[in-house]
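Observations on chain architecture
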Amino acid sequence: MPGLTPLELWQETGRDRTMGDTLLRLAGPPGDWRSGLVLGPTHEEVITELARAYLKSYKQLPITLYQIQTKFRGEARPKSGILRTREFLMKDAYSFHDSKESLDREYENLYAAYCRIFGRCGLPYLAVEADTGAMGGDVSHEFMVLTEAGEDAVAISERGDYAANLERAQAAPPAAPADVALQPIQEVHTPGAGRVEDVCRMLGTRPQDMLKTLVYQGTEGAERRIRVVALVRGDHEISETKLNKVAGTPLELADPETIAAVTGAKVGFAGPQGLIDRIDKLIVDREAAVLRNAATGANKTDYHVTGINPGRDFPLSGDKVILADIRTVVDGDLAPTANPSPLRLRTAIEIGHVFKLGTKYSHSMGATYLDQNGSAQPCIMGCYGIGLNRIMAAAIEAHHDDDGIIWPMSIAPFEAQVIGLDPRDTEVMRVAGEIHDQLAAVGVDVLFDDRDERAGFKFKDADLVGVPLRVVVGKKSLAAGGVEVSQRGVEGKQTMSLADAVRWVIGRVREEMAALTPK
RNA sequence: CGGGGUGUAGCUCAGCCUGGCUAGAGCGCUUGGUUCGGGACCAAGAGGUCGCAGGUUCGAAUCCUGUCACCCCGACCA
């Protein structure tokens with residue numbers, strides 16, 4: 001597919017706007033050919049353009065197309081070496097279907113294929129439930145490699161029956177509210193206590209007995225400004241990913257002026273009581289909704305209130321009210337499973353992501369096929385990506401020691417390396433060259449170090465680069481009866497004849513590859 | 001977009017706070033010699049408008065102002 005893609009395709013799906021600065025647009029004068037091109041950050045639009053041109057009949061479905069290509073995304077801040085770069089390599093696949101069931105089957109196929117690919121790459125990976133973000137669609141899984149070097153967070157249950165990206169992870173639903181007597185609202189003077197900890201210290205209460213009241217603003221539809229109040233328990237952090245999804249539009253924390261206009265108080269003294277008529281939406285976290293006799297802001301600078309009760313003091317139903325899970329889980333929360341165990345938070349590298357897209361792209365771009373009744377239907381789509389650079393990064397994170405990389409055989413740049421230790425010794429170099437040629441002749445991917453460098457230098461380089469198998473030829477090894485073989489990351493080395501060394505390498509390659517091949 | 005930091009030899013950096021001889025180190029490079037299976041050693045050498053512009057001063061790498069670039073943290077992130 002093209003790397004430079006027509007801007008008009010992105011306008012058709014609206015992603016020229018929603019992707020914002022992620023899209024690299026060529027800058028040309030109005031009407032100039034450059035003004036109409038975008039360097040592709042992903043290829044849903046392009047593949048859908050191909051689909052609407054060529055997929056006309058249900059008889060052509062299902063079909064899955066893939067490519068390996070350079071992508072470009074205007075990341076706000078590229079970082080972590082090869083992990084997060086503006087330009088990167090992706091293997092991306094797209095599937096087209098005439099039914100949800102067909103999509104489900106192919107999703108399962110590709111999910112399983114991706115598991116085999118990552119297993120074959122020697123990666124300790126994990127599939128987790130994921131948020132679909134700006135891609136759209138409903139169901140999605142990410143493939144993660146757990147490592148400190150990662151920049152994603154995942155929640156995994158101790159029992160191992162639940163794993164999700166932190167953006168999506170949910171805790172078990174809250175228990176029913178405690179059966180206690182409801183207290184009246186009482187106003188308390190809390191000068192300068194804008195933060196939850198300050199209020200707790202002054203009132204002698206705990207964060208989990210407080211309501212955090214957050215004012216957000218955004219736009220709805222074309223241009224209409226909206227104000228949204230979100231409630232979470234005092235000890236919880238709001239998840240803006242979840243909040244935006246529930247609100248159906250991107251929200252941002254309101255500026256101090258808007259907060260003052262909504263609450264009548266400075267930042268830090270907002271409460272949900274009496275606000276419903278002044279806002280467009282009230283979004284209540286399900287755990288905030290079961291609080292009893294909570295403390296929160298009084299909508300009056302330097303004052304808080306106690307004895308706030310959901311349902312009595314602010315509505316839990318009605319047109320403007322949404323009850324949902326909008327908080328980020330924390331380490332130790334219970335998993336939302338039948339037999340709940342605590343969730344643990346880990347950092348991870350995302351190496352692959354699969355989505356059920358549905359008809360988001362085919363509908364907006366008019367990619368339709370004719371079904372058996374002759375009526376036009378939008379294709380049902382899936383998309384499936386693998387970050388190739390990140391496979392390298394994750395493999396190195398997972399397989400290295402103090403001396404350098406230890407490549408899994410399947411993705412090593414070379415399977416074996418022959419080191420001729422003394423390039424000025426003709427016999428050493430003749431034997432080394434012979435081993436190299438014999439290995440190459442039987443299809444082993446072999447690197448030959450014949451540089452005129454000191455022995456230690458070449459050994460250190462070999463360790464650093466991490467080619468799995470090593471054959472060393474030197475005056476010393478020849479005197480000891482042959483050549484020396486060893487495996488990166490494995491203790492010990494052995495001396496054997498030239499012919500045995502060639503057989504040893506071939507055998508080791510075969511065994512390592514077999515060990516990496518899923519059953 | 002917010003916060004912090006750094007620009008001095010090819011590379012990594014010290015020197016700056018507290019202005020003062022000819023601006024330093026390690027690595028790399030050049031030449032000669034020795035060494036040669038785990039990133040050698042000895043000797044001699046080349047190499048810098050101290051990011052840029054302006055100012056203060058008898059004197060600026062050092063202090064002040066401006067400017068440019070890069071890095072880190074955060075926000076954001078199919």
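Just so it is clear, the structure is predicted and the values come from calculations on it, not from any experiment. (Residues numbered from 1 in each chain as written. Chains lettered and ligands numbered in written order. Predicted model: local features only at pLDDT ≥ 70, side-chain atom pairs only at ≥ 80, totals over all residues. Heavy atoms only, no water.)

1. A short note on unusual backbone geometry
- Each neighbour pair has its own omega, and for Leu-61 with Pro-62 the value is -5°, a cis peptide bond.
- With respect to the secondary-structure elements, Pro-62 resides in the loop between α3 (44–54) and β4 (63–72).
- One non-glycine residue, Asn-293, lies in positive phi territory at about 55°.
- Mapped onto the elements, Asn-293 comes out in the loop between β15 (281–285) and β16 (294–300).
- Despite not being glycine, Asn-299 has its phi angle at roughly 60°, a positive value.
- Looking at where Asn-299 falls in the secondary structure, it is placed in strand β16. (Helix = DSSP H or I, 4+ residues; strand = E, 2+ residues; numbered from the N terminus.)

2. Structural notes on the environment of Ala-93
- Among the structural elements, Ala-93 can be located in strand β5 (residues 87–97).
- Along the primary structure Ala-93 and Ile-386 are separated by 293 residues, whereas in three dimensions their C-alpha atoms are 8.9 Å apart.
- Not counting the four nearest positions on each side in its chain, Ala-93 is found in contact with Thr-64, Leu-65, Tyr-66, Tyr-114, Gly-382, Cys-383 and Tyr-384. (Contact = heavy atoms within 4.5 Å.)

3. Considerations on the packing of aromatic side chains
- Within the structure shown, the criterion is met by seven aromatic pairs.
- With 6.1 Å between their ring centres and 75° between their planes, Tyr-114 and Phe-118 make a pair best called edge-to-face. Note that Tyr-114 and Phe-118 are positioned in helix α4 (residues 100–120) at a spacing of four residues, about one turn of the helix. Residues Tyr-114 and Phe-118 agree in their burial class; the two are buried.
- Three or more aromatic residues joined by ring pairs make a cluster, and in this case those are Tyr-111, Tyr-114, Phe-118, Tyr-125 and Phe-143. (Phe/Tyr/Trp six-rings, centres within 6.5 Å; stacked < 30°, edge-to-face > 60°. Buried < 20%, exposed > 50% of the residue type's maximum accessible area, 1.4 Å probe, protein only.)

4. Concerning the sheet that holds strand β3 (residues 37–39)
- The strand order across the open sheet formed by three strands is β1-β3-β2, and the pairing between neighbours is antiparallel. In this open sheet, the two strands that pair with only one neighbour each are β1 (4–6) and β2 (24–25).
- As defined by bridge partners, β2 adjoins β3 across two bridges and the pair is classed as antiparallel. Directly across from Leu-24, in β3, lies its bridge partner Leu-39. (Pairing = 2+ DSSP bridges.)

5. Some details on helix α11 (residues 455–465)
- Here α11 has its buried residues at Lys-458, Ala-462 and Asp-463. Considered in projection along α11, the buried side chains sweep an arc of 135° and stay on one side of the axis.
- Just beyond α11, the residue with positive phi is Gly-466, at close to 80°. (Arc of directions from axis to C-beta.)

6. Focus on helix α13 (residues 498–516)
- Between its terminal C-alpha atoms α13 stretches 27 Å, which fits the 27 Å expected from 19 residues at 1.5 Å a residue.
- Within the sequence span of α13, burial applies to Ala-501, Val-502, Trp-504, Val-505, Arg-508, Val-509 and Leu-516. Mapping the buried residues of α13 onto a view down its axis gives an arc of 160°, with all of them on the same face. What points out from α13, more than 90 degrees from its buried face, is the exposed set Arg-503 and Arg-510.
- Packed against the buried residues of α13 are α4, β26 (416–420), α10 (426–441), β28 (469–473), β29 (483–487) and β30 (493–496). (Expected span 1.5 Å × (residues − 1).)

7. Observations regarding the sheet that holds β30
- Pairing in this open sheet of five strands is mixed, and the strands run β27-β26-β28-β29-β30 from one edge to the other. In this open sheet, the two strands that pair with only one neighbour each are β27 (446–449) and β30. Between one strand and the next, the sheet's axes are offset by a mean angle of 20°, whatever the strand orientation.
- Two strands pair when backbone bridges link them, and β26 and β28 are joined in this way by five bridges, in the parallel orientation. Bridge pairing in β28 links Val-418 to Val-471.
- Strand contacts of α10: β26, β27, β28 and β29, with the helix running at about 165° to β27, the strand carrying the most contacts. (Axes fitted to C-alpha atoms, helices over the stretch in contact; angles between N-to-C directions.)

8. Let's talk about the side chain of Asn-299
- Under the relative-accessibility criterion, Asn-299 is labelled buried at 13%.
- In terms of polar contacts, Asn-299 uses its side chain to reach the backbone carbonyl oxygen of Gln-273, at 3.2 Å.
- Those residues in contact with Asn-299 that sit more than four places away from it in its chain are Thr-263, Gly-264, Ala-265, Phe-269, Ala-270, Gly-271, Gln-273 and Leu-275. (Polar contact = N/O pair within 3.5 Å; in protein donor to acceptor, adjacent residues only side chain to side chain.)

9. Notes on the side chain of Gln-417
- With respect to the helices and strands, the residue Gln-417 is situated in strand β26.
- Ignoring sequence-local partners within four residues, the contact set of Gln-417 consists of Val-446, Leu-447, Asp-449, Ala-462, Val-467, Leu-469, Arg-470 and Val-471.

10. Notes on the nonpolar core
- Counting residues in hydrophobic clusters, the biggest one holds 26 residues, and the most contacted among them are Tyr-114, Phe-118, Leu-123, Phe-143, Ile-351, Tyr-384 and Ile-391.
- Taken together, the elements giving at least two residues each to this core come down to α4, β7 (140–146), β20 (343–358), β23 (380–387) and α9 (388–398).
- When residues of this core are assigned to their parent elements, the largest contribution, six residues, is made by α4.
- Here this core gathers at least three residues from each of two domains, domain 1 (4–123 + 352–396) and domain 3 (405–516).
- By size, the runner-up hydrophobic cluster in this structure holds 23 residues, among which are Met-409, Ala-432, Trp-504 and Val-509. (Core = buried A, V, L, I, M, F, W, Y, C linked by side-chain atoms within 4.5 Å. Domains from an automatic or database assignment.)

11. So, the pairing of β30
- As paired elements, β29 and β30 share four bridges and run antiparallel to each other. Note that in β30 the partner of Val-485 across the bridge is Gln-494.
- The hairpin turn running from β29 into β30, its antiparallel successor, is five residues long, and Gly-489 in that turn takes a positive phi close to 85°.

12. Brief notes about the pattern of salt bridges
- Scanning all chains against the criterion turns up 37 salt bridges.
- Between Arg-470 and Asp-463 there is a salt bridge; the shortest N-O distance is 2.5 Å. The exposure classification of Arg-470 matches that of Asp-463, with both residues buried.
- Measuring nitrogen to oxygen at the nearest pair gives 2.5 Å for the salt bridge that ties Arg-508 to Glu-512. Residue Arg-508 and its partner Glu-512 are located together in helix α13, separated by four residues, close to a single helical turn.
- Judged by its relative accessible area of 22%, Glu-512 falls in the partly exposed class.
- Linked through salt bridges whose partners overlap, the residues forming this network are Arg-233, Asp-235, Glu-287, Arg-327 and Asp-333. (Salt bridge = Lys/Arg side-chain N within 4 Å of Asp/Glu carboxyl O.)

Geometric values such as these leave the question of function open.
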